[in-house]
Number of protein chains: 2
Amino acid sequence: MALRGNLIVGQSGGPTAVINASLAGVIEEAKKHSEVGDLYGAVGGVEGMLREEMVDLRAEGDGVTSLLSRTPSAALGSCRKKLVESEYERLLAVLKAHNVRYLCYIGGNDSADTCHRIGRLAAEAGWEMRVVGIPKTVDNDLAYTDHCPGYGSVARFNAMAVRDAGLDTAALHTVDRVKIVETMGRNAGWITAATALAREAPGDPPHFIYLPERTFDRERFLSDVKRQVEKGRGCVVAVCEGIRDGEGNVLVSFKHDVGTDSFGHKQLGGVGDYLVELIAEGLGIKGRFDKAGTIQRVFGLAQSEVDVAEAEMVGAAAVQRACEGVTDMMVTLERVNQEPYRCETGLAPLADVANAERPMPDEYIAPGGNDVTPAFLEYARPLIGGPLPAYARLRMSRVAKRVEAQHQQPRSDCD
Amino acid sequence: MALRGNLIVGQSGGPTAVINASLAGVIEEAKKHSEVGDLYGAVGGVEGMLREEMVDLRAEGDGVTSLLSRTPSAALGSCRKKLVESEYERLLAVLKAHNVRYLCYIGGNDSADTCHRIGRLAAEAGWEMRVVGIPKTVDNDLAYTDHCPGYGSVARFNAMAVRDAGLDTAALHTVDRVKIVETMGRNAGWITAATALAREAPGDPPHFIYLPERTFDRERFLSDVKRQVEKGRGCVVAVCEGIRDGEGNVLVSFKHDVGTDSFGHKQLGGVGDYLVELIAEGLGIKGRFDKAGTIQRVFGLAQSEVDVAEAEMVGAAAVQRACEGVTDMMVTLERVNQEPYRCETGLAPLADVANAERPMPDEYIAPGGNDVTPAFLEYARPLIGGPLPAYARLRMSRVAKRVEAQHQQPRSDCD
């Protein structure tokens, strides 16, 4: 017999361009199931549940979900909250008071942990409730899923940004010879790797990609940059915020230290500035860094169509599976076909997903450690939802020179 | 009688999202004038002219210009080159050897200076040549023109970026309470000011806008941020790279110092990191900074349709005017109607434009010095080419609480 009761949905962890598409998927699917009564949104994830701050999602206009899927960030509010034991009783009391029988939680590794704890808590208390996780993280570092909703869009943004920043650098390479593009990704290089999708022809930027899966070697880096700069046309480097040197130190230039969340994650970011200084000091070459920061993960205009559709799909699947009796699981994406690309949903135990990290595998990292492999490109290309907008490439047919070099010009690598 | 001869076009200064649209405008218009023979592109602006590095733009495919208008950065290559006297003779020799009678130069303040020098040089040598400048700068700080092509697109990008970063901050404001978005703009606040176009309702981000036209006061800033953070929902600050304190110091956190170009402009950027540190030290509050850097000025996806059309228009107008006999002038934009918005082209002497800067006027800066006025919004809104994409706003209808506050929850501004 169907479990009758109310459903609560929460959003957790860092916002993405499509976490609201998953919320839209939950809402639309829940409306199709008569056993689901009220439809609650937790304000600020599990923090909102603890404070009993919930909104009535059935009170939203009927047309809101299609626009919601196009709206970046987390419309219900998010949190980075690790549940502590002293809060368990309160949480359960709130869920029971509102007859919550279905809980869908959209988040990453840490959210899977939270989700699993809530499920275990309810089971121990004899409160029948189905808890299903919905994957989300721009970092793409969840295990047991082909990829994570949110990744395709941040990958698309960064591929575009590096293509554009590369054109910028090429145009003005006599002034700013090096461009460092710093991406998010924490301890996983997936986002940084995706900048390789900017390339359309051999030699196109990014010229180097530095991933946290490989130890960063300052001398090697300076040698890479020097070699590329000497070719002319400038050097574009994509680097992950989380790269570490041989001693395990992250490379950051800033001094403040107030950024550690309740899961113990330290705030990263600052490597771009650090590398510009390293190049200035080590090579005497001027560079610039671009650090789109949180803009990259929520830039609505760069949404991947595939990402939006899959985010909706995993949201809907969570409700379907929960209504079928599934609990303590996270919805996953399984690639069932590469050409044409197609994913279906699967399931993985929340406990397995919780707190696990999936770094980039060796087969996706070039032997030199400063680039990706064709296998990675094959993996990532379908996720960004179609090719980047077409740009013109001039033929640049040279006009024959007519003037002798009457005056010695200062040597320049401009070409 | 029409002046018969060849035309050369160059791109100069920092790339923009639409400087190629002006190039496309030049190419298309030049093809309509029978007195214009060969059509040369200078590779890397005046540096390319000095090195006699030119490409044949008539050899490009016929369809290239429409795609070129959609392609950011400077397709011919750019430079930041101040002509010195010892180069005059060589430059003139190159122009004469290729029978250049028309010179169109797309650039900003410094480029107008270069353009004016070339024109004077040719006139003094008795070489009949018409020199017309085409305005371009994301900084929007050229005098004698309503605004500069390139500005509408960087404004659109930053309005979107701040709207999205604002949603991101609101969602996770219990973790990252402050978001600093650092924009370009050098000594003029136009780009930073445009982030105000992100607002759709009262209280929307950005909450404060700090412009280089006003002295930056650290205490006042900390007090602004503290007040906003206490309201809950986080604090989003847009700040220009070029702000200075009461002693005239720019606020940068980086130590390297290799970034001064031949016009004496020092590289800016770094204020975002600086302010995050200031907030950490002064208020003990965690913040983040986003610095899109050069990505903001060339992000193809954020092109303003108005900006593209006007960039093409000024490019075409330069050729038209030159063919009519105009020389030593820059094409300008004149706003002839506000509703519906419409601009026409005008002319201003290159010597007047050269090296002038147009900061934001007082009437566009709010009396408090940390925001813009409605008059600025009226000025800037048409330039970004239509409203930003629509986003959903949930009604967030609260569910009545049923559980007493059994356990005292830690006080939080999460709402």
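Residues numbered from 1 in each chain as written. Chains lettered and ligands numbered in written order. Predicted model: local features only at pLDDT ≥ 70, side-chain atom pairs only at ≥ 80, totals over all residues. Heavy atoms only, no water.

Residue and element names in this part refer to chain A. In the contact formed by helix 1 (residues 19–30) and helix 11 (residues 305–324), the axes pass within 7 Å of each other and the chain directions differ by 40°. When the interaxial angle is binned, helix 1 and helix 11 end up oblique. In this structure, helix 1 crosses over helix 11, and the sense of that crossing is right-handed. Residue-level contacts link Ala 21, Ser 22, Gly 25, Val 26, Glu 29 and Ala 30 of helix 1 to Val 308, Ala 311, Glu 312, Val 314, Gly 315, Ala 316, Val 319 and Gln 320 of helix 11. In the contact of helix 1 with helix 11, the residues fall into eight nonpolar, four polar and two charged. (Axes fitted to C-alpha atoms, helices over the stretch in contact; angles between N-to-C directions. Helix = DSSP H or I, 4+ residues; strand = E, 2+ residues; numbered from the N terminus. Parallel < 35°, antiparallel > 145°, perpendicular 65-115°, else oblique. Left-handed = near helix turned anticlockwise from the far one by under 90°. Contact = heavy atoms within 4.5 Å. Nonpolar A, V, L, I, M, F, W, Y, C, P; charged D, E, K, R; others polar.)

The two copies are related by a screw operation: chain A maps onto chain B through 180° of rotation and 0.0 Å of translation along the axis, at an RMSD of 0.0 Å. Such a combination of rotation and displacement between the chain copies is what one expects of a two-fold axis. Relative to the rotation axis, the C-alpha of Ala 292 of chain A is the closest in chain A, positioned 2.2 Å from it. Here 100% of the contact residues of chain A are again contact residues in chain B; the copies associate through an equivalent surface. (Least-squares fit on C-alpha atoms with pLDDT ≥ 70 in both.)

By a widely used convention, the size of an interface equals the accessible area lost when the partners come together. Residues and elements named next belong to chain A. Taken as a whole, chain A is organised into domain 1 (5–149 + 302–353) and domain 2 (153–300 + 360–384). The C-alpha-based centres of domain 1 and domain 2 are spaced at 32 Å. Contacts between domain 1 and domain 2 engage 27 residues on the former and 22 residues on the latter. Counting each side, the surface lost to burial between domain 1 and domain 2 is near 2200 Å², with a carbon and sulfur contribution of 55%. Run the count over domain 1 and domain 2 and you get zero salt bridges. Counting across the domain 1 and domain 2 interface gives 12 residue pairs in polar contact (both at pLDDT 80 or more). (Domains from an automatic or database assignment. Buried area = accessible area lost by both parts, 1.4 Å probe. Salt bridge = Lys/Arg side-chain N within 4 Å of Asp/Glu carboxyl O. Polar contact = N/O pair within 3.5 Å; in protein donor to acceptor, adjacent residues only side chain to side chain.)

Moving on: the pattern of salt bridges. Tallied over the full model, the rule gives 48 salt bridges over all chains. A salt bridge links Lys 81 of chain A to Glu 87 of chain A; the nearest nitrogen and oxygen atoms lie 2.6 Å apart. Per residue, the accessibility class of Lys 81 of chain A equals that of Glu 87 of chain A, and both read buried. The partner of Lys 286 of chain B in a salt bridge is Asp 176 of chain B, with the nearest N and O atoms 2.5 Å apart. Of the two residues, Lys 286 of chain B is situated in the loop between helix 9 (271–283) and strand 9 (287–291) and Asp 176 of chain B in the loop between helix 6 (151–171) and strand 6 (178–183); the sequence distance between them amounts to 110 residues. Judged by its relative accessible area of 13%, Lys 286 of chain B is buried. A single network of salt bridges, built from pairs that share partners, joins Arg 163, Glu 200, Asp 204 and Arg 393 of chain A. (Buried < 20%, exposed > 50% of the residue type's maximum accessible area, 1.4 Å probe, protein only.)

All names here are of chain A. With respect to the secondary-structure elements, Tyr 341 resides in strand 11 (residues 341–349). With 127 residues separating them along the chain, Tyr 341 and Arg 214 place their C-alpha atoms 30 Å apart. Not counting residues within four places of it along the chain, the set of residues in contact with Tyr 341 comprises His 147, Val 306, Glu 310, Arg 335, Pro 382 and Leu 383. There is a polar contact of 3.4 Å between the side chain of Tyr 341 and the side chain of His 147. Of note is the side chain of Tyr 341, whose polar atom sits 2.5 Å from the side chain of Glu 310.

Residue-level contacts link 101 residues of chain A with 101 residues of chain B. Contact between chain A and chain B buries roughly 9300 Å² in total, counting both sides, with carbon and sulfur atoms accounting for 60%. Joining chain A to chain B, the criterion identifies three salt bridges. Here Glu 53 of chain B makes a salt bridge to Arg 398 of chain A, at a shortest N to O gap of 4.0 Å. Counting the contacts that link chain A with chain B gives 39 residue pairs in polar contact (both at pLDDT 80 or more).

For helix 9 (residues 271–283) of chain A, spanning 13 residues, the distance from its first C-alpha to its last is 17 Å, which sits close to the expected 18 Å at 1.5 Å a residue. Listed as buried for helix 9 of chain A are Val 271, Gly 272, Asp 273, Tyr 274, Leu 275, Val 276, Glu 277, Leu 278, Ile 279 and Ala 280 of chain A. Here the buried face of helix 9 of chain A lies against strand 6 (178–183), helix 8 (218–230), strand 8 (235–240) and strand 9 (287–291) of chain A together with helix 9 of chain B. Once helix 9 of chain A ends, the next one or two residues include Gly 284 of chain A, with phi positive near 65°. (Expected span 1.5 Å × (residues − 1).)

This part takes up the sheet that holds strand 3 (residues 54–56) of chain B. All names here are of chain B. Spatially, 3-2-1-4-5-10-11 is the arrangement adopted by the seven strands of the open sheet, whose pairing is mixed. Both outer strands of the open sheet, strand 3 and strand 11 (341–349), are each paired with one neighbouring strand and no more. With direction set aside, neighbouring strand axes in the sheet form an average angle of 30°. Judged from the six bridges that link them, strand 4 (residues 100–107) and strand 5 (residues 130–135) form a sheet pairing that is parallel. Across the sheet, Tyr 102 pairs through a bridge with Arg 130, a residue of strand 5. This element, helix 5 (residues 109–124), spans strand 4 and strand 5 of the sheet and lies at about 165° to strand 4. (Pairing = 2+ DSSP bridges.)

One pass over the full model with this rule turns up 26 aromatic pairs over all chains. An aromatic cluster is built from Tyr 151, Trp 190, Tyr 364, Phe 376 and Tyr 379 of chain B, whose rings are joined through pairwise contacts. The aromatic ring of Tyr 391 of chain B is capped on one face by Arg 163 of chain B, whose charged end is 3.7 Å from the ring centroid. The ring of Phe 289 of chain A is capped by Lys 291 of chain B, whose NZ or CZ atom sits 4.0 Å from the centre of that ring. (Phe/Tyr/Trp six-rings, centres within 6.5 Å; stacked < 30°, edge-to-face > 60°. Lys NZ or Arg CZ within 6 Å of the ring centre and 35° of its normal.)

Turning our attention to the sheet that holds strand 1 (residues 5–11) of chain A. Residues and elements named next belong to chain A. If you walk across this open sheet you meet the seven strands as 3-2-1-4-5-10-11, and the pairing is mixed. Here the strands that pair on one side only, and so sit at the sheet edges, are strand 3 (54–56) and strand 11. Taken pair by pair, the neighbouring strands of this sheet meet at an average axis angle of 30°, ignoring direction. Direction of pairing for strand 5 (residues 130–135) relative to strand 10 (residues 329–338): parallel, over a ladder of two bridges. Of the residues in strand 10, the one forming a bridge with Val 132 is Met 329. The strands touched by helix 11 are strand 1, strand 2 (36–42), strand 4 (100–107), strand 5, strand 10 and strand 11; relative to strand 11, the strand with the most contacts, the crossing angle is about 40°.

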